[in-house]
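Descriptive analysis of the structure
Residue-level listing of the chains:
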Amino acid sequence: MRVTAIYPGTFDPMTVGHIDVAQRASKMFDDLIIGVAGDPSAKKTPFFNLEERVDIAGEILKDLPNVKVMPFSGLLVKFAASVEASVIVRGLRAISDFEYEVQIAGVNRHLSPKVETVFIAASQDYTFLSSSIVKEIALLGGDYSDFVHPRVIKEFQRKIDASGVEQ
Ligand code: ADP
């Protein structure tokens, strides 16, 4: 039986921490779907729109043959059912991630007991890394090239140039 897993997130934008989790998960499961969330409800509006986030992640992960990037909205467990995924992958960086992640995993298990959540521990080098930190550095004109794929830098530049914001 093929096992399909979903790695859901906002990916606003995808960082090397996300890439690391995706690469490791792609080795654990037959198929991995990167689910890019269309409506990150409790959070503020993403910097990159859904189409941009999907496009960026798709280019970055294009060399992983069993990985597919898809947008989704609504309940994650419904999306999991629609693509016949039996596993949800989440990354864990620190204790601060733990409480929220375990709560969400519990809710998803309640909604859909057949779907298991699997946590992948962040690599030591990326435990401090988040999309928010990358956005902050990018918008303040700092060097964040160690934290993202070059495509992300290009996209930030395009948006910053278009907005006419001085750095
Ligand atoms: P969400 O809005 O769903 O938290 P994110 O795009 O911020 O989406 O993160 C998606 C997943 O990737 C989450 O499980 C998060 O904990 C994990 N993650 C984020 N950054 C890293 C990192 N540097 N290393 C490992 N996992 C990470």
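Everything discussed here concerns the structure shown above.
Now for a description of the structure that goes with this document. (Residues numbered from 1 in each chain as written. Predicted model: local features only at pLDDT ≥ 70, side-chain atom pairs only at ≥ 80, totals over all residues. Heavy atoms only, no water.)

So, the pattern of salt bridges
In the structure shown here, the tally under the stated rule is twelve salt bridges. Salt-bridge contacts for Asp-12 lead to Lys-135; the nearest nitrogen and oxygen are separated by 2.8 Å. Remark: Lys-135 occurs in helix 5 (residues 131-139) and Asp-12 occurs in the loop between strand 1 (4-9) and helix 1 (16-28); sequence separation between them is 123 residues. The residue Glu-59 makes a salt bridge to Arg-151 at a minimum N-O spacing of 2.5 Å. Residue Glu-59 is located in helix 2 (residues 50-60), and its partner Arg-151 is located in helix 6 (residues 150-163); the two are separated by 92 residues in the primary sequence. Glu-59 sits in the partly exposed class, given a relative accessible area of 29%. Judged by its relative accessible area of 12%, Arg-151 is buried. Members of the salt-bridge network, linked through shared partners, are Glu-52, Asp-55, Glu-59, Arg-151, Glu-155, Arg-158 and Lys-159. (Salt bridge = Lys/Arg side-chain N within 4 Å of Asp/Glu carboxyl O. Helix = DSSP H or I, 4+ residues; strand = E, 2+ residues; numbered from the N terminus. Buried < 20%, exposed > 50% of the residue type's maximum accessible area, 1.4 Å probe, protein only.)

Focus on the sheet that holds strand 4 (residues 87-92)
Strand order across the open sheet formed by five strands is 3-2-1-4-5, with parallel pairing between neighbours. Each edge of the open sheet is held by one strand with a lone partner, namely strand 3 (67-72) and strand 5 (116-121). Along the sheet, successive strands turn relative to each other by an average axial angle of 30°, direction set aside. When strand 1 meets strand 2 (residues 31-37), the two strands line up parallel, connected through six bridges. Bridge assignment links Gly-9 to a residue of strand 2, and that residue is Val-36. Across the face of the sheet, helix 4 (residues 95-111) comes into contact with strand 4 and strand 5 while running at roughly 170° to strand 4. (Pairing = 2+ DSSP bridges. Axes fitted to C-alpha atoms, helices over the stretch in contact; angles between N-to-C directions. Contact = heavy atoms within 4.5 Å.)

Quick word on helix 5
Buried within helix 5 are the following residues: Ser-131, Val-134, Lys-135 and Ala-138. One face of helix 5 carries all of its buried residues, which in axial projection span an arc of 100°. Positive backbone phi, at 80°, marks Gly-141, one or two positions downstream of helix 5. (Arc of directions from axis to C-beta.)

As for the pairing of strand 1
Moving residue by residue along a regular strand, the side chains alternate between the two faces of the sheet. In terms of burial, strand 1 is largely enclosed, as six of its six residues are buried. The two faces of strand 1 match: Thr-4, Ile-6 and Pro-8 on one face and Ala-5, Tyr-7 and Gly-9 on the other face are all buried. Crossover connection from strand 1 via helix 1 to parallel strand 2: handedness right-handed. Across two bridges, the pairing between strand 1 and strand 4 is parallel. Within the sheet, the bridge partner assigned to Ile-6 lies in strand 4 and is Ile-88. (Right-handed = clockwise from strand over helix to strand, strands pointing away.)

Structural notes on the packing of aromatic side chains
This model, assessed by the stated rule, comprises seven aromatic pairs. Ring centres of Tyr-7 and Phe-11 lie 5.2 Å apart, and the angle between their planes is 80°; on these two criteria the pair is classed as edge-to-face. For Tyr-7, a relative accessible area of 4% corresponds to the buried category. Measuring from centroid to centroid gives 4.9 Å for Phe-47 and Phe-48, while their planes differ by 85°, and the two rings are edge-to-face. A residue is classified by how much of its surface remains accessible, and Phe-47, at 26% relative accessible area, is partly exposed. (Phe/Tyr/Trp six-rings, centres within 6.5 Å; stacked < 30°, edge-to-face > 60°.)

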